[in-house]
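# Architecture and fold: a report
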Amino acid sequence: MIVGIDLGTTNSLIAVWHNGEPRLIPNSLGEFLTPSCVSVDEDGTILIGKAARERLQTHPTSSAAVFKRHMGSNKLFTLGGRHFRAEELSALILRALKEDAEAALGQPITEAIITVPAYFSDAQRKATRAAGQLAGLKVERLLNEPTAAALAYGIHKRGQETQFLVFDLGGGTFDVSVLDLFEGVMEVRASAGDNFLGGEDFVNLLIEEFFKQASIPVELKQDGRFMQSLVAQVEQAKRKLSEAPEALLQIYHAGTTYSMPLDEAALERITAPLLARLRSPVERALRDANLQTANLDNIVLAGGATRMPIVRRMVARMFGRFPSCDLNPDEVVALGAAVQAGLKMNDAALDEVVMTDVAPYSLGVEVSMYLGGDQYSHGHFDPVIERNTVVPVSKVKNYHPTSERQTGLRINVFQGEARMARDNIALGSIEVPISQIPGQNNGVDVRFTYDANGLLQVEATVLRTKETHTLVIEGNPGMLSQEEIKERFAALSELKIHPRDRIEFRTMLARGERLYQQLRGEAREHLGRQIMQFERALEAQDARISREAARIFNEALEYFEHQSFLNLDS
Amino acid sequence: MRDSFPFLVRLGLGVDAGATDIRRAYARELKKIDQETDPDGFQELRHAYEVALQWLAHREITLAVSEPPTSDAAAEPELMLSPPPAPASDDPYQLADQAYMQFLSSIQALVLNKEARHQSRWKAALQASLDHESLLNLTARTIFEARIAQLLANGWRPGHETLFVVASEVLDWTRDSWRIQQLGEAGAMIDRAIDQWKLYESMPDNAMVTIKQLIQAVRSTPLPEGVASRNNLLLFHQLTDRFHNWFSIIIDRATLQNWHNAAQAEIQRNGTEPAVPVQYLETPAESGKSSSSGWSGWSGWQITFLILMLVKGCAALLNTSDHTTSYSPPPAQLEQTVPGKSTAQLRLEELQSRTDASMLAQQEMPPTEAQLEAVQRQVFYVPDPAKVLGVLKVSFDVELDDNGKVINVERVHASRDQAYDDAVARTLRHTNAFPPGTQRKFSVSYSYKTGGL
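To start, this report covers the structure provided alongside it. (Residues numbered from 1 in each chain as written. Chains lettered and ligands numbered in written order. Predicted model: local features only at pLDDT ≥ 70, side-chain atom pairs only at ≥ 80, totals over all residues. Heavy atoms only, no water.)

### Observations regarding the overall build of chain A
- Assigned secondary structure in chain A consists of 15 helices and 27 strands.
- With respect to the three principal axes, the spread of C-alpha positions in chain A is 90 × 55 × 50 Å.
- Across the 570 residues that make up chain A, the buried fraction comes to 61%.
- Within chain A, residue pairs in contact and separated by at least 24 positions form 66% of the contacts whose partners lie at least 6 positions apart.
- Accessible surface computed for chain A: about 21800 Å², of which carbon and sulfur atoms make up 49%.
- Taking the average location of the 61 positive side-chain charges in chain A and that of its 75 negative ones, the two points are 2 Å from each other. (Helix = DSSP H or I, 4+ residues; strand = E, 2+ residues; numbered from the N terminus. Buried < 20%, exposed > 50% of the residue type's maximum accessible area, 1.4 Å probe, protein only. Contact = heavy atoms within 4.5 Å. Areas by Shrake-Rupley, 256 points an atom, 1.4 Å probe, with all protein chains shown as cover. Lys, Arg positive; Asp, Glu negative; His and termini not counted. Charge placed at Lys NZ, Arg CZ, Asp CG, Glu CD.)

Take a look at the structure:
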């Protein structure tokens, strides 16, 4: 059994292909969305999901979120005195999802399709695959998120001929893909994206504005607890604005209540720079696919941030029409991953469906340009695989040394669209020694192979000797070797994850602690008593008593949550 | 059935296959292949499919060309002149026009006000237009961008030297050459101009200063005959080949033509030996000291890398690449392209073999701009008002006989509208615009902006 996993910046989901359709699997709280948060509890056990998200505010130094943004980098997160890489934190999320699926399906899960932003680089993709390995999963395929969304959408339209665009604005990344569906072939025509644009950026801009407008002392930015509750407040207000015309941002600190009213118009004004950045990837994908907006039959929304009315309005203005809303944007990527799992397992229901994807960016080498005489201009970028080439693909180009005295070639590999190599992303280099014989062919064949997972392999063959060199990524510390993965897998396996059957109560307690921190005065004391009572009831270790206490405690939590949001100052 | 082509055989099709047959056959074959375990098989199938689609487009144009022009085509010539039907208020063309007119008036104000030469003012003006409500519509944005490109490609006007730099940055043409290449002939011309500009910027300081001074001299001397120094004329002669697209955007065309003539006259009088050696291409004395200068001699192993010459072993891949075959005309004549080469190569060859091209020109005259324009005027084409087509661009390889009569027309790059391609091909077939002795084979591109500029 292969599962499909949407490993998101904000939330993660897991789904399977079951009885001819994709199905989401709920976590132990009965929810499909597991927040991509990790926290280390006082006793050293690992909390994943909602409980960890609550603890971001109460225990910021032992909790982490938004680590997907640091995949493929060397950044370390310190949680309760232990260092984690983004891959490791992602692996813990994957492990929790895997356990949910095992509990639901009653069988061990060892293989998975994991989705990644289409615009993820080679290093980020490799880090995602490493995260899968660290969670004990064989990653059968890395699937581009917008392509996954397209699969979920297209599976219902498989008999039709249609052209559509997927607009995928997640928590941390933005992707656009243009697709063509014919004869059961789902063909990605073009993809474009922005790796640093997502719902989290909207929150960050609102926080900046809040600091400015409400004159919150700048030093508070260093206060982990304060910042995390601010994030929660802003997120809540942002979500509220999707339903109500206005919301009030409010936070209490050291005797002062800071507040800022927020309505649609203000939100649009504050986030205008982000909204403007949505345009260029859409433009590029459409132009690369050689299509006009009028040629599109539909616009499919994916990613939680597309729930925001300001984003939807922006989409409507860009395309001159309203996007399709019949698929849940939070779930569509995970559902698509499950469709891909079905394809991978050669499910009979998917016999007539096949999907092709593209490389979203150009890949090539640094070259020198001949100017005449013995003059060269260095540092130019020469693409070997042009962007939006259908993958898997393998291409060869032939290069020559510029001088007869040259004893070697350094092949610098880059990703990007800029004319000059230095403006693109360096992926690594190969050094190829050559011994030249005048009048002989002293060239080198450079082969780029880009597989269906979006992973690149570069090989250089010296034409005269047929000697082959493979790209060794150097100067790229953001990647783990297979050895290191093995080591870290062992270390991670020793970590205890909080038992699934008790996570529900643990989450409630975490939420209680967070509310306790937020409330003041009488309400706070009251909640404190409720928390104590609940803890005591749990100590009895009687399922019936625990259940009843949980019911009462939950009511109290709901009440105080409402209170705290309406009026922090009561 | 006749002998079929290998790519059709791969798809199990005969030479009578249509678009639906090709798509269906590709879909059928694709379902038999596991892309992950058989990437080579996949790539081979994909290649057959892409070639088949091109072959189909080519066959259609050939068929269309071999048909005689329909008599009703000439019946309603006034249709060509009538404006497109009244568009709705959200018509992208109208939106783009609105923004474009507004932009033109704002840059006019900048040009009149001499103090406003700063790039920042131009940038602000362009950004304001792009941020305007009317350009939220993506199609309108593309049309607007195409108009800016066209404006620049039409030749220098006061302030264009600044607009060129600003537009390249704001519209991301510098970083993304695909983006500008997709804007038809004007886009292809600007793309080369940006390459030339960037080449200039990667030169060593002393060369940049020399070139900069020359540009200033050319700009300030619209009539160089008898005024400009011999060194400047020779330097101009040397540089104009390498930088001609860039020059024609930032320098007035009449001035360029005058300098071109003056340089030719000077060379005929006194040959090409400069009175004082022109230094700009000399390797700096400290050659090789710093490999990071981007302009140094060779110092063995550590220097970055070499030259790309040929795209190896993939004649077929070349055929499928979407090459841009248009060259914009230098002041006097239209240059020819070599069909079937990738853009990268063309750019290089453009740098390398200008001299060859001009030698060719003495034996067989390539068609002049006026002749090509005469053909364009004869093209009868009415865009379908229901379709949003944007800028159409079609390229052909044309073959003439000794009398200048067109004997073969082959489309090498299709526009988005078959009707336009047909119309141009038909006109080329029947034109008598080329006099005897015109170069026998050449490539030509025409573009058409639907909706009217």
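### A few points about the packing of aromatic side chains
- For the structure shown, the criterion picks out 23 aromatic pairs over all chains.
- Taking the centre distance of 4.6 Å and the plane angle of 55 degrees together, the rings of Y153(A) and F164(A) count as tilted. Residue Y153(A) is found in helix α4 (residues 145–154), and its partner F164(A) is found in strand β12 (residues 162–169); the two are separated by 11 residues along the sequence.
- Joined through ring pairs, the aromatic side chains of Y200(B), F236(B), F243(B), W246(B), F247(B) and W259(B) make up one cluster.
- Sitting above the plane of the Y252(A) ring, R520(A) keeps its charged end 3.1 Å from the centroid.
- Over the face of the ring belonging to Y516(A) we find R524(A), whose NZ or CZ atom lies 4.6 Å from the ring centre. (Phe/Tyr/Trp six-rings, centres within 6.5 Å; stacked < 30°, edge-to-face > 60°. Lys NZ or Arg CZ within 6 Å of the ring centre and 35° of its normal.)

### Remarks on the interface of chain B and chain A
- The interface of chain B with chain A comprises 71 residues on the first partner and 78 residues on the second.
- Surface buried jointly by chain B and chain A totals about 6600 Å² across both partners, of which 53% is contributed by carbon and sulfur atoms.
- Counting the contacts that link chain B with chain A gives 15 salt bridges.
- Between E36(B) and R141(A) there is a salt bridge; the shortest N-O distance is 3.2 Å.
- Taken together, the links from chain B to chain A amount to 23 residue pairs in polar contact (both at pLDDT 80 or more).
- For the side of chain B that touches chain A, the elements supplying multiple residues, two or more each, are α2 (19–30), α3 (39–66), α6 (119–131), α7 (138–153), α9 (177–181), α10 (184–201), β1 (307–308) and α15 (343–352) of chain B.
- Sorting elements by how many residues they give to the side of chain B that touches chain A places α3(B) first, with six residues.
- Across the side of chain B that touches chain A, the residue classes break down as 34 nonpolar, 17 polar and 20 charged. (Buried area = accessible area lost by both parts, 1.4 Å probe. Salt bridge = Lys/Arg side-chain N within 4 Å of Asp/Glu carboxyl O. Polar contact = N/O pair within 3.5 Å; in protein donor to acceptor, adjacent residues only side chain to side chain. Nonpolar A, V, L, I, M, F, W, Y, C, P; charged D, E, K, R; others polar.)

### Observations regarding the pattern of salt bridges
- Scanning all chains against the criterion turns up 62 salt bridges over all chains.
- Where E145(A) meets K68(A), a salt bridge forms, and the shortest distance between an N and an O atom there is 2.9 Å. In this pair, E145(A) is assigned in helix α4 and K68(A) in the loop between β7 (63–65) and β8 (76–79), connecting sequence segments 77 residues apart.
- Under the relative-accessibility criterion, E145(A) is labelled buried at 5%.
- Classification of K68(A) by relative accessible area gives buried; the value is 9%.
- Measuring nitrogen to oxygen at the nearest pair gives 4.0 Å for the salt bridge that ties R284(A) to D176(B). One end of the pair, R284(A), is in helix α9 (residues 279–288); the other, D176(B), is in the loop between α8 (160–170) and α9, on a second chain.
- Accessibility expressed as a relative area gives 15% for R284(A), which makes it buried.

### Re the nonpolar core
- Ranked by internal contacts, the top residues of the largest apolar core, which has 61 residues, are F144(B), I148(B), F164(B), W173(B), I190(B) and W246(B).
- Mapped onto this core, the elements with two or more residues apiece are α5 (92–112), α6, α7, α8, α10, α11 (205–220), α12 (230–250) and α13 (253–270) of chain B.
- Once residues within four sequence positions are removed from consideration, W173(B) is found in contact with R419(A), E145(B), I148(B), A149(B), L152(B), A167(B), S168(B), R179(B), I180(B), L183(B), I190(B) and I194(B).
- Counting 58 residues, the second largest nonpolar core, distinct from the first, contains V333(A), M355(A), L30(B) and I33(B). (Core = buried A, V, L, I, M, F, W, Y, C linked by side-chain atoms within 4.5 Å.)

### Description of helix α13 (residues 503–518) of chain A
Residues and elements named next belong to chain A.
- Along its 16 residues, α13 runs 22 Å from first to last C-alpha, staying within 8% of the 22 Å computed at 1.5 Å per residue.
- Most of α13 is tucked away: 12 of the 16 residues are buried.
- For α13, every residue scored as buried is listed here: I503, F505, R506, T507, M508, L509, A510, R511, G512, R514, L515 and Q518. (Expected span 1.5 Å × (residues − 1).)

### Things to note about unusual backbone geometry
Residues and elements named next belong to chain A.
- For the peptide bond that leads from V391 to P392, omega is 0 degrees, which places it in the cis range.
- In this structure, P392 sits in the loop between β21 (390–391) and β22 (393–400).
- A positive phi is found at N388, a non-glycine position, where the angle reads about 65 degrees.
- Among the secondary structure elements, N388 is positioned in the loop between β20 (375–385) and β21.
- Residues other than glycine seldom take positive phi values, yet Q541 does so here, at roughly 55 degrees.

### Remarks on the sheet that holds strand β5 (residues 37–40) of chain A
All names here are of chain A.
- Taken together, three strands build an open sheet; the order of strands is β6-β5-β7 and the sheet is antiparallel. Edge strands, defined here as strands with exactly one partner in the open sheet, are β6 (46–48) and β7. Within the sheet, the average angular offset between the axes of one strand and its neighbour, ignoring direction, is 15 degrees. (Pairing = 2+ DSSP bridges. Axes fitted to C-alpha atoms, helices over the stretch in contact; angles between N-to-C directions.)

### Comments concerning the sheet that holds β12(A)
- An order of β17-β12-β13-β14-β18-β21 (chain A) is seen for the six strands of this open sheet, with the pairing classed as mixed. Among the strands making up the open sheet, the edge pair consists of β17 (298–302) and β21 of chain A.
- Of the strand pairs in this sheet, β12(A) and β17(A) are connected by five bridges, and their pairing is parallel. In the strand pairing of β17(A), L165(A) is matched with I299(A).
- This element, α2(B), spans β13 (174–182), β14 (185–194) and β18 (354–358) of chain A of the sheet and lies at about 85 degrees to β14(A).

### Here we look at the environment of D180(A)
- Within the secondary structure, D180(A) sits in strand β13.
- A sequence separation of 30 residues divides D180(A) from A150(A), and the C-alpha atoms of the two residues are 9.9 Å apart.
- Setting aside its immediate chain neighbours within four residues, D180(A) contacts T162(A), Q163(A), V185(A), M186(A), E187(A), R189(A) and R23(B).
- There is a polar contact of 2.8 Å between the side chain of D180(A) and the side chain of R23(B).

### Looking at helix α5 (residues 199–213) of chain A
Residues and elements named next belong to chain A.
- For α5, spanning 15 residues, the distance from its first C-alpha to its last is 21 Å, which sits close to the expected 21 Å at 1.5 Å a residue.
- Residues of α5 that are buried: G199, E200, D201, F202, V203, L206, I207, E209, F210 and F211.
- Looking one or two places after α5, you find S215, whose phi comes out positive at around 45 degrees.

### Concerning the environment of S415(B)
All names here are of chain B.
- Looking at the secondary structure, you find S415 in the loop between β3 (406–413) and α18 (418–430).
- Assessed through its relative accessible area of 12%, S415 is described here as buried.
- Residues S415 and L183, 232 residues apart in the sequence, show an inter-C-alpha distance of 12 Å.
- Polar contacts involving the side chain of S415 include one to the side chain of D421, which spans 2.6 Å.

### Focus: the pairing of strand β11 (residues 138–144) of chain A
Residues and elements named next belong to chain A.
- Taking burial as the measure, the seven residues of β11 include six buried ones, the bulk of the element.
- Bridging between strand β10 (residues 111–116) and β11 involves six bridges; their strand directions are parallel. Opposite E111, over in β11, you have K138 as the bridge partner.
- This β-α-β element, β10 to helix α3 (residues 122–134) to β11, shows right-handed connectivity. (Right-handed = clockwise from strand over helix to strand, strands pointing away.)

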